[in-house]
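Topology and contacts: notes
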Amino acid sequence: MKFFSWWRSLASFRVRIALNLKGLSADVINIDLLQGQQREESYRKVNPQMLIPALIDEDGGPVLFQSMAIMEYLDDVHPHPNLLPSEPLARARVRGLSGVVSSDSHPLIVPRVREYLEHELKLDEEARTKWIHHWLGAGMRAFETNLANSKDTGRYCQGDMITMADICLVSHAVGCNFFKYDLAPYPTVRRIVETCMQEDAFARAHPLKQPGAPAVV
Ligand SMILES: N[C@@H](CCC(=O)N[C@@H](CS)C(=O)NCC(=O)O)C(=O)O
């Protein structure tokens, strides 16, 4: 497998956790987002959307893109352990929770959006931080409210099974740490994130444990 990734990328972090949980290894090809390598011609040929992660499972095989699609593919091909429950309502809840982060919150804080705010809209650092905290908070509030009020919440987001919802939640929590967004108001979120981070598959996947990462951000 070839995994196009970078230490700081939260969407890549999601796929890295899934690979670890399933005991899969991949050759990592680093795409440095701060240097703009995602926009270089060689990477555009891999993913015309100029985003990471991307994954090639077999030599000469198609490029898989979008973290949720990649995780679902891995789950189809390597079902043990499953990252989606089998029961339809539980599956829908896990996909819904995952979407809070992957569809609605994370896309508003990615480098291309932050660069647009800075260079096109000329927002200063304070305004950009306000933007980032606003959208991080919107995702966290939605997650906390759902988790705290649902009888389906257990040790993890969906009962006692690790699912894609946990993966997405952990990636979002680490994003909050990167941008110094306080998680104190989200006790259920913190409990589940701490429980997940005790798992080796999550801990090893942490952005700051990847080659090229600084000691702190
Ligand atoms: N919805 C996509 C998001 C992918 C994405 O935005 N990745 C970020 C890194 S986490 C990226 O490559 N950003 C490059 C840029 O914004 O220019 C997914 O879940 O894979």
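Above this note sits the structure.
Described below are features of the structure shown in this document.

Parameters and conventions
Residues numbered from 1 in each chain as written. Predicted model: local features only at pLDDT ≥ 70, side-chain atom pairs only at ≥ 80, totals over all residues. Heavy atoms only, no water. Helix = DSSP H or I, 4+ residues; strand = E, 2+ residues; numbered from the N terminus. Buried < 20%, exposed > 50% of the residue type's maximum accessible area, 1.4 Å probe, protein only. Near = heavy atom within 4 Å. Polar contact = N/O pair within 3.5 Å; in protein donor to acceptor, adjacent residues only side chain to side chain. Areas by Shrake-Rupley, 256 points an atom, 1.4 Å probe, with all protein chains shown as cover. 1 Å grid on protein atoms, 1.4 Å probe; cavity = no way out; pocket = protein on both sides within 12 Å on 5 of 7 lines; lining within 4 Å. Sits in = over half its atoms within 2 Å of the grid points. Nonpolar A, V, L, I, M, F, W, Y, C, P; charged D, E, K, R; others polar.

Take unusual backbone geometry next. Cis geometry marks the peptide bond from isoleucine 52 to proline 53, where omega comes out at 10°. Within the fold, proline 53 resides in the loop between α2 (41-46) and β3 (54-56). Proline 81 follows histidine 80 through a cis peptide bond whose omega is 0°. Along the chain, proline 81 turns up in the loop between α3 (67-77) and α4 (88-105). For methionine 50, which is not glycine, the phi dihedral falls at a positive 60°. Take methionine 50: it is sitting in the loop between α2 and β3. Judged by relative accessible area, methionine 50 falls into the partly exposed class, the value being 26%. The backbone of glutamine 66 shows a phi angle near 70°, a positive value even though the residue is not glycine. With respect to the helices and strands, the residue glutamine 66 is situated in the loop between β4 (63-65) and α3.

Let us now look at the site of the ligand. Around the ligand, a shell composed of 16 residues is seen, among which Gln38, Ile52, Gln66, Ser67 and Arg112 lie nearest. In this structure, an oxygen atom belonging to the ligand sits 3.2 Å away from a side-chain N or O atom of arginine 14. Between the ligand and the protein, one listed contact pairs an oxygen atom with a backbone N or O atom of arginine 112 at 2.8 Å. Alone, the ligand offers 510 Å² of accessible surface; in the complex the protein occludes 94% of this. Here the ligand is seated within the largest pocket. Elements represented by at least two residues in the shell around the ligand include exactly α1 (10-21) and α5 (111-120). Residues of the shell around the ligand, tallied by class, amount to 8 nonpolar, 5 polar and 3 charged.

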